[in-house]
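Commentary on secondary and tertiary structure
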Amino acid sequence: MADEPNVHRPKTIIAPGYTFGTVTDQIASVVLTKRTPVIWYVSFGAGLVLLLLFLLAVGVLFAKGTGIWGLRTPVMWGFAITNFVWWIGIGHAGTLISAILLLLNQSWRNSINRFAEAMTLFAVACAGVFPVLHLGRPWLAYWLFPYPNTMGVQPNFRSPLVWDVFAVSTYATVSLMFWFVGLMPDLATLRDRTHNRFARFAYGILAMGWRGSARHWSVYETASLLLAGLATPLVLSVHTVVSFDFTIAIVPGWHTTFLPPYFVAGAIYSGFAMVLALAIPLRSVYGLQGLITDRHLDNSAKVMLATGLIVAYAYILETFSAWYGGNTYEQAMVWHRMTGPYAVSYWSLMLCNILAPQALWFKKVRSRPVFLFISAIVVLVGMWLERYVIIVSSLAQDFLPSSWSIFHATRWDWFTYIGTIGLFLFLFFLFIRLLPMISIFEVRTLLPAAKVEEEVES
Amino acid sequence: MIKPIYGLMAEFDNPTALVEAARAAREKGYRKLDAYSPFPIEELTDALHLHHNKLPLIVLLGGIIGGLAGYLLQYYVTVVYFPINVAGRPLHSWPSYIIITFEMTILLASISAVLGMLALCGLPMPYHPTFNVPRFALASRNRFFLCIEARDPLFDRARTIEFLETLKPREVSEVAP
């Protein structure tokens, strides 16, 4: 029992040789330098171009209406809702890393939580765009909220779509606040380190006069823990509520009780894939291998593997319960997915989400960033296909064969989707350039020097 | 006439020295003191006896208000303001209210956690006397500071400097108000 305190302090999570000063300087220099890597301009430029494409697609949508998309009866949800579910799922990993792993005292998260939270925020922004654009009259989006109005009507609180409005807007607000609170001490660091007067003013305003007082730290730590405790049930509830959009309807393939946990696992699966897809290029461009170490990648890959197995179990359960439940429509739905017009998507998603990630069992794959990056992209594609198949194939072939119709995505569907990837990249690279992408003060606590050496109390 | 000062500040280069200094200052009887560090130090919170704050209570109240507001809003709308029969459910169909009640609880609790934290810390506070010490910029990098404020009853410029020097700091500086 003598060495029990060491259990909580994994020593080697960041590379040896760092001090408080060098950690601060290295992370802050990414922001405070005048030299921006060429690759940043390239990525940011790509994001900007795609963002312009998005604005074009939205402009045409506003002018002409949702008819420019492939939405035709009976498939009225199509790409918009697929993308919404995909993006919001990606966001979940950030909250998992920042809140759940904080509560579980997993201090290795300290060097990846900041950009994972930023990823959450931007993914939720991309997600939030879709239901609003899908409204048909997006300028009336405020009708979704209950407010005193002259029309004498109010939202139907018994509808999961209204629940979703509350869940997603709460999630966006809480994620933003959690992220900002985490940033405050680091903004103070930037304020104290920059030589640019405008930057000092801007960071100074944002840091709100943070000075690292012990009184503040004690309240701050309480606030972080409470926010983490609040964000944990919130993140689990958000994708659960998203899945209610489906489960409360009676469409075959949607109306099942296991959809909520299945959606949450899928969300974390795709979110960790996005974390890896962002972390691997970032750490090599900015030389941060000492802070985002191979162990971080290894741990993230393990989370991906575990949630991937839950997702695989859900696919098997879906097929089994359709067969065992004896409901003709459920059975037909599974059969249509496997052999019907969406068979290519269905089997690709099985390949991407179940078969390909099995490579992560091998240490050799997990220790090679290139392989990890590829498998992360494969999982992201697979998870998008999963949402696509759930939404589109169930709607295209439901109860009455006379009303069946196949969904064909138009170029505007693709432009809007790819455009939000641009929006995401644009915001993310702006964040990389303007704010510290790794939480400086939390990494300081990981250093061996941060430990207060106590004389043994008798 | 000697210009009044805010306090005296000692600079240390590791957390252990700061915690020991804070303990020594408390033992000496100083009460109006604060420590500044680039990251949270649990032992420091103990040393300065800072364990109790009202934040959990604020968050609890925020959560209760949020939950009640969420539930009552739905009750008022579906029962009083705009009663409409949806699929034969009773007007007061509480199971469908759970989600929004929950989300509103979380939302208001989180908002009160953030605003409560800022209020308890007295932030935003763009000016503070400690910023007058040039080396204090390092408090957000790699240095640790202990400040004994002039409003402490035991404070005496010469004797407090003498005391701070016994703690083996890197430097002791006066903090202009």
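Residue positions are given per chain, counted from 1 along the sequence in the order it is written. Chains carry letters from A onward and ligands carry numbers from 1 onward, assigned in written order. Whole-chain, interface and lining totals are the exception, using all residues; otherwise, since this is a predicted model, local features are given only for residues with pLDDT of at least 70 and side-chain atom pairs are given and counted only at 80 or more.

**Some words on the overall build of chain B**
Going along the chain from the N terminus, every DSSP run of H or I of four or more residues is numbered as a helix, and every run of E of two or more is numbered as a strand. On a plain count of helices and strands, chain B comes out with five helices and four strands. Listed N to C, the secondary structure of chain B is β-α-β-α-α-α-β-α-β in terms of helices and strands. We take the radius of gyration over the C-alpha atoms and set the globule estimate at 2.2 Å times the residue count to the 0.38 power. What you see for chain B is a C-alpha radius of gyration of 25 Å, clearly larger than the 16 Å of a compact globule of 177 residues, by over 25%. Reported as C-alpha extents along the three principal axes, the dimensions of chain B are approximately 80 × 35 × 30 Å.

**Some points on unusual backbone geometry**
That bond from Thr73 of chain A to Pro74 of chain A is cis: its omega, 5 degrees, falls within 30 degrees of zero. Residue placement: Pro74 of chain A occurs in the loop between helix H2 (38-64) and helix H3 (78-103). The omega angle of the peptide bond from Leu123 of chain B to Pro124 of chain B is -5 degrees, so this bond is cis rather than trans. Along the polypeptide, Pro124 of chain B turns up in the loop between helix H4 (98-121) and strand S3 (144-149). Unlike most non-glycine residues, Asn105 of chain A shows phi in positive territory, near 60 degrees.

**Some points on helix H4 (residues 113-133) of chain A**
Residues lying three or four places apart along an α-helix face the same way, a consequence of the helix completing one turn every 3.6 residues. The terminal C-alpha atoms of H4 of chain A lie 30 Å apart, and with 21 residues this matches the ideal 30 Å at 1.5 Å per residue to within 8%. Three exposure classes are used, based on other C-beta atoms lying within 10 Å of a residue's own C-beta, which is placed from the backbone: buried for 20 or more, exposed for 12 or fewer, and partly exposed in between. The buried count for H4 of chain A comes to 18 of 21 residues, which makes it a mostly enclosed element. Under the convention used throughout, the expected extent of a helix is 1.5 Å for every residue step, that is, one less than its residue count.

**Notes on the sheet that holds S3 of chain B**
Residue and element names in this part refer to chain B. Across the sheet, which stays open at both edges, the four strands sit in the order S2-S3-S1-S4 with antiparallel pairing between neighbours. The strands lining the two open edges of the sheet, one partner per strand, are strand S2 (33-36) and strand S4 (171-175). Each neighbouring strand pair of the sheet contributes to a mean axis angle of 20 degrees, computed without reference to strand direction. Seen against the sheet, helix H1 (residues 15-28) touches strand S1 (7-12), S2 and S3 and runs at an angle of roughly 15 degrees to S3. One bridge is not enough; two strands pair if DSSP finds at least two bridges between them. Fitted lines through C-alpha atoms serve as axes, helices being fitted only where they are in contact, and the angles separating the N-to-C directions of these axes extend from 0 to 180 degrees. We call two residues in contact when the distance between their C-beta atoms, placed using the backbone, is within 7 Å.

**Section: helix H9 (residues 294-325) of chain A**
Residue and element names in this part refer to chain A. Given a rise of 1.5 Å per residue, 32 residues ought to cover 46 Å, and the 45 Å separating the end C-alpha atoms of H9 matches this to within 8%. Buried within H9 are the following residues: His296, Leu297, Ser300, Ala301, Val303, Met304, Thr307, Gly308, Val311, Ala314, Glu318 and Ala322. Packing partners of the buried residues in H9 comprise helix H8 (259-285), helix H10 (328-339), helix H11 (343-355), helix H12 (363-366) and helix H13 (369-396). Looking one or two residues past H9, Gly326 carries a phi angle of roughly 75 degrees, positive in sign.

**A closer look at the domain arrangement of chain B**
Note that the domain bounds were set by an automatic or database domain assignment. Domain boundaries assigned for chain B yield domain 1 (7-51 + 125-175) and domain 2 (55-121). Using only C-alpha atoms to locate each centre, domain 1 of chain B and domain 2 of chain B end up separated by 44 Å.

**A closer look at the interface of chain B and chain A**
It is common to give the size of an interface as the accessible area lost on bringing the parts into contact. On the side of chain A, 51 residues touch chain B, which itself brings 56 residues to the contact. Those elements giving two or more residues to the side of chain B that touches chain A turn out to be H1, S2, helix H2 (42-47), helix H3 (55-81) and H4 of chain B. Considering every element that reaches the side of chain B that touches chain A, the biggest residue donor is H4 of chain B, with 13 residues. As a working rule, the residues Ala, Val, Leu, Ile, Met, Phe, Trp, Tyr, Cys and Pro are called nonpolar, Asp, Glu, Lys and Arg charged, and the rest polar, with Gly in that last group. Its residues placed into classes, the side of chain B that touches chain A shows 37 nonpolar, 14 polar and five charged.

**Points about the confidence of the model for chain A**
As a per-residue measure, pLDDT reflects the predictor's confidence and takes values from 0 up to 100. Averaged over chain A, the pLDDT score is 88; the fraction of residues at 70 or greater is 97%. For the stretch residues 1-10 of chain A, pLDDT sits under 50, and the model shows four contacts to residues farther than four places along the chain or on other chains.

**Brief notes about the pairing of S2 of chain B**
Residue and element names in this part refer to chain B. Burial along S2 is two-sided: the residues Leu33 and Ala35 and Asp34 and Tyr36 are all buried. Across four bridges, the pairing between S2 and S3 is antiparallel. Bridge pairing in S3 places Ala35 opposite Leu146.

**Side note on the packing of helix H1 (residues 20-32) of chain A against helix H5 (residues 160-193) of chain A**
Residue and element names in this part refer to chain A. Running from N to C, H1 and H5 cross one another at 75 degrees; their axes reach a closest spacing of 11 Å. As summarised for this structure, H1 and H5 are arranged roughly perpendicular, according to the angle between their axes. Here Thr24, Ala28, Val31 and Leu32 of H1 lie close against H5, whose contacting residues are Thr189, Leu190 and Arg193. Angles below 35 degrees are treated as roughly parallel, those above 145 as roughly antiparallel, those between 65 and 115 as roughly perpendicular, and all remaining angles as oblique.

**Remarks on the pairing of S3 of chain B**
All names here are of chain B. Taking burial as the measure, the six residues of S3 include five buried ones, the bulk of the element. Where S1 and S3 come together, six bridges link them in antiparallel fashion. Among the inter-strand pairings, Phe12 is bridged to a residue of S3, identified as Phe144.

**Some words on the confidence of the model for chain B**
Here chain B averages 87 in pLDDT, and 99% of its residues register 70 or above. Scored as a complex, the prediction yields pTM 0.90 and ipTM 0.91.

**Re the packing of H3 of chain A against H4 of chain A**
Residue and element names in this part refer to chain A. Running from N to C, H3 and H4 cross one another at 160 degrees; their axes reach a closest spacing of 7 Å. One element, H3, and the other, H4, form an angle in the roughly antiparallel class. H4 is crossed by H3, and the crossing has left-handed handedness. Its residues placed into classes, the contact of H3 with H4 shows 17 nonpolar, seven polar and one charged. For a crossing to be left-handed, the near helix must be turned anticlockwise from the far one by less than a right angle; the clockwise case is right-handed.

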